[in-house]
Amino acid sequence: YNPGTPAHIKSWESYNEFENFTIKNNVFDRATQYMLQINSAYRTYLPEVSGNTYIQTYGAKLMQYGVGSCTNYNYEKTAPVIIKHVLGDADAKVYFVK
C-alpha cells in the first residue's frame, strides 16, 4: 500500500502478468493522482480497455501506462485522443470538470 500514488486501476510498479482481461464499462470519476496506472512487461499483458467513462479535472493526471517504464499522461485537451489511441478505448466518454 502506498498512499502517495493512488489510482482507480493500479498494477503497482510490478509487471502485470495477466492475459486476456478487460477493463470495460466502468466510471472513473476524479482521482487524486492517476486514474489508471498500468505497467506490464509485454504488450500481450496489457488489458483490453473499452466503453469506460472518464471524469477528471482539466490538467490533473490521467494515467501512467505502458510496457517497461510507464509513460505519464495528463488530463488535458488531448485526453480523448490518448484514451482512444493509447488505451484503445474507442467508445470512451470523456468529461472535464472544474
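These notes cover the structure that comes with them. Within any chain, residue numbers begin from 1 and follow the written order of that chain's sequence. With the structure being a predicted model, the display of local features is reserved for residues of pLDDT at least 70 and the display and counting of side-chain atom pairs for 80 or more, all residues being used for whole-chain, interface and lining totals. Calculated side-chain values reflect all of the structure's heavy atoms, with hydrogen atoms and water omitted.

What about the environment of Leu46?
Under the scheme used here, helices are H or I runs from DSSP no shorter than 4 residues and strands are E runs no shorter than 2 residues, and both carry numbers assigned from the N terminus. On the secondary structure map, Leu46 appears in the loop between strand S4 (36-40) and strand S5 (48-50). Between buried and exposed lies partly exposed: a residue is buried under 20% and exposed over 50% of the maximum accessible area for its type, with that area taken using a 1.4 Å probe on protein chains only. Judged by its relative accessible area of 12%, Leu46 falls in the buried class. A sequence separation of 27 residues divides Leu46 from Glu19, and the C-alpha atoms of the two residues are 7.3 Å apart. Any two residues whose heavy atoms approach within 4.5 Å at even a single point are treated as in contact. Here Leu46 is in contact with Ile38, Ser40, Tyr65, Gly66 and Val67, once residues within four sequence places are set aside.

Some details on the packing of aromatic side chains
To pair, rings of Phe, Tyr and Trp, with the six-membered ring standing in for Trp, must have centres within 6.5 Å; the planes then decide the type, stacked if under 30 degrees apart, edge-to-face if over 60, and tilted in the middle. Tallying each qualifying case throughout the model produces four aromatic pairs. An angle of 40 degrees between the planes, with centres 5.6 Å apart, marks the rings of Phe28 and Tyr54 as tilted. Residue Phe28 is located in strand S3 (residues 27-29), and its partner Tyr54 is located in strand S6 (residues 53-57); the two are separated by 26 residues in the primary sequence. For Tyr54, a relative accessible area of 0% gives the class buried. On the numbers, 5.7 Å between centres and 50 degrees between planes, the contact of Tyr58 with Phe96 is tilted.

Comments concerning the nonpolar core
Nonpolar side chains tend to gather and get buried jointly when the protein is soluble and globular. Within this scheme, the nonpolar core is defined by two criteria: the residues are buried Ala, Val, Leu, Ile, Met, Phe, Trp, Tyr or Cys, and they are joined through side-chain atoms within 4.5 Å. In this structure, Met35, Leu36, Tyr54, Leu62, Met63, Tyr65 and Leu87 are the most contacted members of the largest nonpolar core, which totals 18 residues. Looking at this core, the elements that each hand over two or more residues are S4, strand S7 (61-67) and helix H1 (79-87). Tallying contributions element by element places H1 first for this core, with four residues. Non-local contacts of Met35, meaning those with residues more than four positions away in its chain, are made with Ala7, His8, Ile9, Phe28, Asp29, Arg30, Tyr54, Ile55, Gln56, Lys61, Leu62 and Tyr75.

Regarding the sheet that holds S3
Here a strand pair is declared whenever DSSP counts at least two bridges between the two strands. Spatially, the three strands line up as an open sheet ordered S3-S6-S9, and their pairing is parallel. This sheet does not close on itself; its edge strands, each paired only once, are S3 and strand S9 (93-97). Pairwise comparison of adjacent strand axes, ignoring direction, gives a mean angle of 10 degrees for this sheet. The pairing of S6 with S9 spans five bridges and is parallel. By the bridge assignment, Thr53 is partnered in S9 with Lys93. For every element, the axis is a line fit to its C-alpha atoms; helices are fit only across the contacting stretch, and the angle between N-to-C directions ranges from 0 to 180 degrees. Against the sheet, H1 touches S6 and S9, its axis set at about 145 degrees to S9.

Quick look at the pairing of S7
Relative to S7, S4 runs parallel, the two sharing five bridges. Opposite Ser40, over in S7, you have Val67 as the bridge partner. Where S7 meets strand S8 (residues 71-74), four bridges bridge the pair, whose relative direction is antiparallel. Residue pairing across strands places Gln64 opposite Asn72, the latter belonging to S8. Here S7 folds back onto S8 in antiparallel fashion, the turn holding three residues, of which Gly68 has a positive phi close to 80 degrees.

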